[in-house]
Amino acid sequence: MALLWNKPNLLQRREFYFLSCFLMMGGTAFFDSTAKAVDEKNTPPTGKTKDTDAINGLTDWQLIPVGSGGDWLTTIGRVQSNAVDRERIKESGNPLLPQPEHLFGTWGGIQPWLYKRGINLNFDNQNEFAGNITGGTRKRSANAGAADAQLDVDWSTLVGKNWFTNGLVSHMTVIGRYGANLSPMIGENITQVQEIYGAGGNVVAKLVNLYSDKYFMDGKIVTSFGRSNVGGFYATSPIHCYFMNNGICGNPKPLSGQAAGFNAWPDSTWGITTLFRPTKHFSIRIGMFQVNRYAYGNEGGKRAGWAAIVRTAGNAGGEFPLEVVYEPHWGKNDLVGHYKFGFAYDTSSYPVWGSGLSGKKITEMNGADQRWKRGRDVEWLLLDQMIHRNGPGDLNGVIGYVGFVHSNPLTFQRQNEVMVGMINTGFWKARPMDAVGVLFIHQIMSGKMRDAQRYNLANGVSIGNIGGATGIQTAETTFELTYIIHVYRGIRFQPDFQYEINPNAQKNIKDAAFLGFKSRVDF
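Residues numbered from 1 in each chain as written. Predicted model: local features only at pLDDT ≥ 70, side-chain atom pairs only at ≥ 80, totals over all residues. Heavy atoms only, no water.

J.: Teacher, can you tell me more about unusual backbone geometry here?
T.: Where the residue is not glycine, phi is negative for most of them; where a peptide bond is considered, it is trans in most cases. Of note, the amide linkage connecting tryptophan 265 to proline 266 takes the cis form, showing an omega dihedral of 5 degrees. Inspection of the secondary structure puts proline 266 in the loop between helix H7 (253-256) and strand S6 (269-279). With a phi close to 55 degrees, tryptophan 107 is a non-glycine residue in the positive phi region. Looking at the secondary structure, you find tryptophan 107 in the loop between helix H3 (83-92) and helix H4 (110-116). A positive phi angle, close to 55 degrees, is found at aspartate 334, a residue other than glycine. Mapping aspartate 334 onto the fold places it in the loop between strand S9 (329-330) and strand S10 (335-356). (Helix = DSSP H or I, 4+ residues; strand = E, 2+ residues; numbered from the N terminus.)

Set out below in structure tokens:
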């Protein structure tokens, strides 16, 4: 608890006011759903779906965003309590493949023909538009988007079962991003309003994933190996990308907000990770990933990812993550929870904020006298729990979410992040695939970075090269309210409101309010 009360104080006046409003909205959504369910006895439906397309309409499809990874990418990984989808998996015969909706249905019969042969092919387009209606350094608006192509192959279905192909599934993702980033236009460099803009860079076709999963012992052990990212398997949740703010989608930013180490979508490195599930409700995942300094840069064309298939220049060390997960199912209504604790250690070297080789303070980061430190750690605790069920899916109901992330303040820009959220899916019977979400994020900047900034200001030196700041960076608070509208098969539209207190974690930048939307089309 001391971490929450250290300066800068979490419960400052503005943060307390908005957090109170947030809790009131969340409580209203919860009790409204509970009241509606009294006559229905809150019993999860188990009947057949009315969808006539044998490979469309899984109850949780719309909540699996591009950028999610690990178990959530596959059908079998998100139907732990879902009788409807379990029956559908048996009918389709491909529980190890994603099963999204498609705008163009079966593509004239092509899509189910491929699927029956163990091939899933998906194309989608996403856009995120945002504008600040008040605050920041100036008013601006921008749109950012991405086009994605995903190929998944179940080798046992494609070529036949044997000791090698049985349980072997391969994944390949190529992405192209476009548009502009609103946040730096208004002086915000800590947390992007549009999560989709960023590390993909100005690349027409960037290789994101090229890896395989191998299932052993009926899924009790799953090993993933190839070119992927740490954030696709660790500290991940489909709840994260309910929201548009980059402080949580796709991973909490103290983990993945700086180059190398704990890399995240759409950047990737070579690695291997294994999931051990000794019981139905308990699992451990452990991994080893390459740390490549070129992952976020343009050196030698590495940013596109293709060159890294045959060349490994830029190696800096290794990232070693470990995550323990408890997944309980409470009561007769099978209320699903995910309780995650994780740790990751990066063996590569990073510059220490404001510290020189001789131990004295320095004003120029990355200069000749810069001190570098080998090894840094991150820790996370992420908890989500369904507290009321609206439908059969693992995500169809009211779900509460809390999280805490800590990173080493000597070399990380962010030191702590606290997250509180609530989502409600399927609360409207006439629109069972709609969802509403509210989110609170509080990020505390590195105390060592603040010391370096104060030292520079005291000596009349610019702090622009320390955190990209124009003032001392202390803490930043974000609130988000979002609504997912299932417009049509394969189409969703999501109006979004965000409010930032101390943008860029600076008190000298006006609080900002944003209006915008997310959209996604799966063709």
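J.: Explanation requested: the pattern of salt bridges in the structure shown.
T.: Pairs can form between side chains of opposite charge once their charged atoms are near each other. Within this structure, the stated rule accounts for six salt bridges. The salt bridge involving lysine 518 is made with glutamate 128; its shortest N-O contact spans 3.8 Å. Of the two residues, lysine 518 is situated in strand S17 (residues 512-522) and glutamate 128 in strand S1 (residues 119-134); the sequence distance between them amounts to 390 residues. Judged on exposure class, the residue lysine 518 and its partner glutamate 128 are both buried. (Salt bridge = Lys/Arg side-chain N within 4 Å of Asp/Glu carboxyl O. Buried < 20%, exposed > 50% of the residue type's maximum accessible area, 1.4 Å probe, protein only.)

J.: Can you walk me through the packing of aromatic side chains in this structure?
T.: Two measures describe an aromatic ring pair: the distance that separates the ring centres and the angle between the ring planes. Taken as a whole and assessed by the stated rule, the structure comprises eleven aromatic pairs. Following the ring pairs from residue to residue traces out a cluster consisting of Phe129, Phe493 and Phe517. Stacked on the ring of phenylalanine 412, the Lys or Arg arginine 376 has its end atom at 3.7 Å from the ring centre. (Phe/Tyr/Trp six-rings, centres within 6.5 Å; stacked < 30°, edge-to-face > 60°. Lys NZ or Arg CZ within 6 Å of the ring centre and 35° of its normal.)

J.: Even after reading the chapter, I still don't get helix H8 (residues 447-458), so can you show me in this structure?
T.: The periodicity of an α-helix, 3.6 residues per turn, causes residues three or four places apart in sequence to face the same way. Here H8 spans 16 Å end to end across twelve residues, near enough to the 16 Å set by a 1.5 Å rise per residue. Looking at the buried residues of H8, the elements they touch are S10, strand S13 (414-425) and strand S14 (435-445). Among the residues of H8, the N-terminal cap falls to serine 446, whose side-chain oxygen and the backbone nitrogen of lysine 448 are separated by 3.2 Å. Note on H8: the residue one or two positions beyond its end, glycine 460, has a positive phi of about 70 degrees. (Expected span 1.5 Å × (residues − 1). Contact = heavy atoms within 4.5 Å. Polar contact = N/O pair within 3.5 Å; in protein donor to acceptor, adjacent residues only side chain to side chain.)

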